[in-house]
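Single-letter residue listing:
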Amino acid sequence: MAKKIKITETALRDAHQSLIATRMTTEEMLPILEKMDKVGFYSLECWGGATFDSCLRFLNEDPWQRLRIIREKCPNTKLQMLFRGQNMLGYRHYADDVLEYFVQRSVANGIDIIRIFDALNDIKNLKTAIKAAKKEGAHAQVAISYTTGPVFTDEYYVEYAKRIADAGADSICIKDMAALLTPYNTESLVKAIKKAVDLPVQLHTHYTSGLASMCLMKGIEAGADIVDTAISPLALGTSHAPTESIVAALQGTEYDTGIDLVALTEIRDYFMTLREKYIKSGLLDPKMLATDANALIYQVPGGMLSNLLKQLKDAGKEDKLTEVLNEVPRVRKDSGYPPLVTPTSQIVGTQAVFNVIMGQRYKMCTNEFKDLVAGKYGTTPMPIDPEFRKKIIGDMKPVNCRPADLLKPELEKLRQEFPAQYLEQEEDVLSYAQFPKVSLDFFEKRRNAKVGINSDVADMENKVHPV
């Protein structure tokens, strides 16, 4: 039986997040959006992740306005976002009322599919987001944070997939953000999950280790329904497998995507011009396009590796890198085997650096590591030894419930403290909730720009009608 494979195009979010630190502007997207809408993609991943922060912090853009523009220009294609569970798009847990309101406004402004994940694969941290997405009529996709290590077997992931299905998810994504999947592991994992749960499975992996296209092909043959790709000028390296290559590879087979390669040519040409602009400006470092299989050797994501090296350089201890890389799995084991993704990769990595530099393990612990061990981020994949926990957190009380259960409703408080002079839309309060200082700086610039325009108009009127 023929099975048409669906394609999620990541050029508008993860591809430029992976290659140029999320610096593509809405203005740069605009000329090609209508053509992308006509190709026949299953979805366009265009929002969430780091786009929200980057719009406000670096691009002087309103992320909500970006979403509305993309929605208007792409009426025929589902729009997709990445959502960090109870963290939403920020870096802390938020109260349920803020999360529910954020989901409601995201869907109202144009989002169709919300891909929800948790750094610890703790289903407790995802249930509110799943319910909120479904209440608003959006597709709730839950992503498994894929990682490697002694406890991360197919059985572990199948059990998590079952919990995801029980929580009401509409589909499952295997999210391999660190490019740790290999082709035959992909085949085995997809088969196991498809056998265990009756949900569509989407495959997301990066090209860092050079294996992404092979992983997608083996995953498709094993039963994956949808794959993430990036149009070729923004593919490879730390990004994704090229869209055109995957479409071409499947043409004329039972998995044919139905997408016309000729239709992709114009999109490729447009993004190739953008790519040349990024290389010229220095935004795109050609080194980011090289294959680096070190992730498979150290089982450490590429971004985490560069972060560790920087920390050691700053301390004048570059020669200790091998020691730190050997220490990372030990710290990870001690702290319950958290998957190494934001924010746990930074927490575990920094603690490993401290352990090596201090010459004594856990002589000094970061507050974030204490919080991780205390359960403030959620339940770790494996239990933490009680004696170790006591050593790290002392008299701090461990958190055994869902961390967000300890938070009081905060939406009204945020509304009350929001500076009234900046309020232009109800979504502004949600931007403020995620990034208080950064958003206020943006609102100030936005207001000044409008005041400037208005005063110019007033000056003109005064010249015509003096008062």
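Residues numbered from 1 in each chain as written. Predicted model: local features only at pLDDT ≥ 70, side-chain atom pairs only at ≥ 80, totals over all residues. Heavy atoms only, no water.

A. Structural context of the pattern of salt bridges. Taken as a whole and judged by the stated rule, the model has 37 salt bridges. Across the pair K124 and D122 runs a salt bridge whose closest N-O atoms are separated by 3.0 Å. Residue classification places D122 among the buried positions, given a relative accessible area of 5%. Among the salt bridges present, the one from R446 reaches E424, with a minimum N-O distance of 3.5 Å. Of this pair, R446 sits in helix α20 (residues 436-464) while E424 sits in the loop between α18 (411-417) and α19 (427-434); the two residues are 22 residues apart in sequence, bridging distant segments of the chain. (Salt bridge = Lys/Arg side-chain N within 4 Å of Asp/Glu carboxyl O. Buried < 20%, exposed > 50% of the residue type's maximum accessible area, 1.4 Å probe, protein only. Helix = DSSP H or I, 4+ residues; strand = E, 2+ residues; numbered from the N terminus.)

B. Broad picture of the side chain of R446. For R446, a relative accessible area of 12% translates into the label buried. Setting aside chain neighbours within four positions, we find R446 in contact with D62, Y422, E424, Q425 and D428. (Contact = heavy atoms within 4.5 Å.)

C. Layout of the nonpolar core. In terms of nonpolar packing, the biggest core is built from 110 residues, with W47, F83, F102, I114, I174, I193 and F271 touching the most fellow members. In this structure, I174 is in contact with I144, Y146, L181, L189, V190, I193, V201, Q202, L203 and H204, ignoring residues within four places of it in sequence. Core analysis: the next-biggest nonpolar cluster, separate from the first, contains 27 residues, V373, A374, Y377 and I392 among them. (Core = buried A, V, L, I, M, F, W, Y, C linked by side-chain atoms within 4.5 Å.)

D. Region of interest: the packing of aromatic side chains. Applying the stated criterion across every chain, the model contains 20 aromatic pairs. An angle of 25° between the planes, with centres 6.2 Å apart, marks the rings of W47 and F102 as stacked. Of this pair, W47 sits in strand β2 (residues 43-48) while F102 is found in helix α5 (residues 96-108), placing the two residues 55 residues apart along the sequence. There is no split in this pair, since W47 and F102 are both buried. (Phe/Tyr/Trp six-rings, centres within 6.5 Å; stacked < 30°, edge-to-face > 60°.)

E. Local environment of helix α13 (residues 302-314). The first and last C-alpha atoms of α13 sit 19 Å apart over 13 residues, in line with the 18 Å expected at 1.5 Å per residue. Every buried residue of α13 is listed here: M304, L305, L308 and L312. In a view along the axis of α13, the buried residues occupy a sector of 105°, so they form one face of it. Opposite the buried face of α13, at more than 90 degrees from it, the exposed residues are G303, K310 and D314. Remark: G316 follows α13 within two positions and exhibits a positive phi of approximately 65°. (Expected span 1.5 Å × (residues − 1). Arc of directions from axis to C-beta.)

Function-wise, these values are silent; they only describe arrangement.
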